[in-house]
Amino acid sequence: MVLPGLVLSVIGLGAAAVCALWWHSTPPFQLSARGELLTDAGDLLGLLTGYGVVVLVALMSRLPPLEKGIGADRLARWHAAGGRYVITLVTGHVVFIVWGYAVSGHESVTGEAVTMLGTVPDVLMATVSWGLLLLVAVMSVRAARRRVAYETWYYAHLYTYAAIALAFSHQFADGPAFQGNLSARVAWSVLYAGVGGLLVWYRVLVPLRSAARHRFTVQAVHPEAPGVVSVLISGRDFGRLRAEPGQFFRWRFLTRELWWQSHPYSLSAMPQPDLMRITVKARGGHSGSLADLKPGTRIIAEGPYGAFTPMLTGRRVLFIAGGVGITPVRAMFAALPRRMSGGITLLYRASHPRDVVFSRELNAIAADRHAALHYLIGSRDQLGYDPLDALHLARTVPGVHRYEAYVCGPPGMTQAAISALEAAGIPRRRIHHESFDF
């Protein structure tokens, strides 16, 4: 928990520095007039918005220390929460600025808004930026996200870069904090350029370099279960990637239909020097199309990413996997050292026997390590109980409160399992999970 706390502290210190910049650029006498007070509040919200969008981009820049030390799913949650704050800040900025100018000029709010659009430099561009951010926010609301294709959501998110560029120009043209303050302009420019450099380096240049070095290529595609396939990926020098069990890559398959988007898929086995495997369930257009990949298809891969990796603490280990969540768990299950024989338990939850993946491999691994392997098959209605509630966990895994637990599966199952593990006596710090909902 040290690194997440440190990162959040740095973000908070940055926000405090932005507030100090605003205070330095706001003469005290202006705080006495109502219109000027509203305008000054709008200026502060605008500065915090400009800082906030940079933080959001930095969280998604694929910076290895963040991806490894915090985890992609937690970073995605921070990004989503931060996005809501930024939308609130920028909307407040617009409202307070227009309201403040209207009060100072004794005009209506509507009339003042029209006047500013036509006369104040870069306000029209800033309005377009605000509209783009609102569009992305609406499409990212959970209820809307379920109804929007990933491709549409992905393209909409690309508009945020245009929104950031337009807002940056607006801040320098109209922001009181930057007028006549060269040091502030330089520092703000360095902040934006630095985060932009991280974005280009880790999301563009590093993946291209890795593709040239390792020559990722589809070797074969094998069906595992209805709607589930494993993709075997050949290449060279995979040992230099230093991938750990439980981690994932973002894969860009260079076909006419798929080249423009990358998706995160976990390794379902530890990589060999010239071979890796991912296992994917068809849940959308991209994942469903992987069954049709042809051998020889080239790939650009970003990674490895993720903090969902086993920690050898000396405690017994409990894995809980649901559905395709078995993918990273299978790699972790096989990677634990044999000296832990008898101290490993895997609970595999599935609604129907046909949904079970890797049963032969899991049985062989369990036999090799003398691990306990339980297939929890059937819906709760069919079983008449929840096999992952605290009572049944304690019965299935005696002494469960002494275990280190790893949970991976659909969001609903994951949250229910975490709550049950806590109720069974496992401290929250010893429950590790990864969500596929990012």
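Everything below is about the structure shown above.
Residues numbered from 1 in each chain as written. Predicted model: local features only at pLDDT ≥ 70, side-chain atom pairs only at ≥ 80, totals over all residues. Heavy atoms only, no water.

Draft legend 1. View of the sheet that holds strand β5 (residues 275-281). Taken together, the 3 strands give an open sheet; going across it, the order is β1-β2-β5, and neighbouring strands pair in antiparallel fashion. Two strands close off the open sheet at either side, each with one partner strand: β1 (217-225) and β5. Sheet twist, expressed as the average angle between the axes of neighbouring strands with direction ignored, equals 20 degrees. Here strand β2 (residues 228-234) runs beside β5; their pairing, made up of 7 bridges, is antiparallel. The partner of Ser230 across the bridge, within β5, is Thr279. (Pairing = 2+ DSSP bridges. Helix = DSSP H or I, 4+ residues; strand = E, 2+ residues; numbered from the N terminus. Axes fitted to C-alpha atoms, helices over the stretch in contact; angles between N-to-C directions.)

Draft legend 2. Summary view of unusual backbone geometry. Geometrically, the link from Gly303 to Pro304 is a cis peptide bond, its omega value of 5 degrees lying close to zero. Mapped onto the elements, Pro304 comes out in strand β6 (residues 299-305). Of note, the phi angle at Asp237 is positive, near 55 degrees, even though the residue is not glycine. Summarising the element assignment, Asp237 is placed in the loop between β2 and β3 (248-253). Phi at His370 takes a positive value of approximately 55 degrees, unusual for a residue other than glycine. With respect to the helices and strands, His370 occurs in the loop between α12 (359-369) and β9 (372-377). On the basis of relative accessibility, which here comes to 58%, the residue His370 falls in the exposed class. (Buried < 20%, exposed > 50% of the residue type's maximum accessible area, 1.4 Å probe, protein only.)

Draft legend 3. Region of interest: the pattern of salt bridges. Counted by the stated rule, this structure contains 7 salt bridges. As a salt-bridge pair, Arg315 and Glu404 come within 3.1 Å of each other at their nearest N and O atoms. Here Arg315 is found in the loop between β6 and β7 (316-322), whereas its partner Glu404 is found in strand β10 (residues 403-409), with 89 residues between them in sequence. You can call Arg315 partly exposed: its relative accessible area is 33%. The class for Glu404 is buried, based on a relative accessible area of 2%. One continuous salt-bridge network, built from bridges that share partners, spans Arg277, Arg330 and Glu361. (Salt bridge = Lys/Arg side-chain N within 4 Å of Asp/Glu carboxyl O.)

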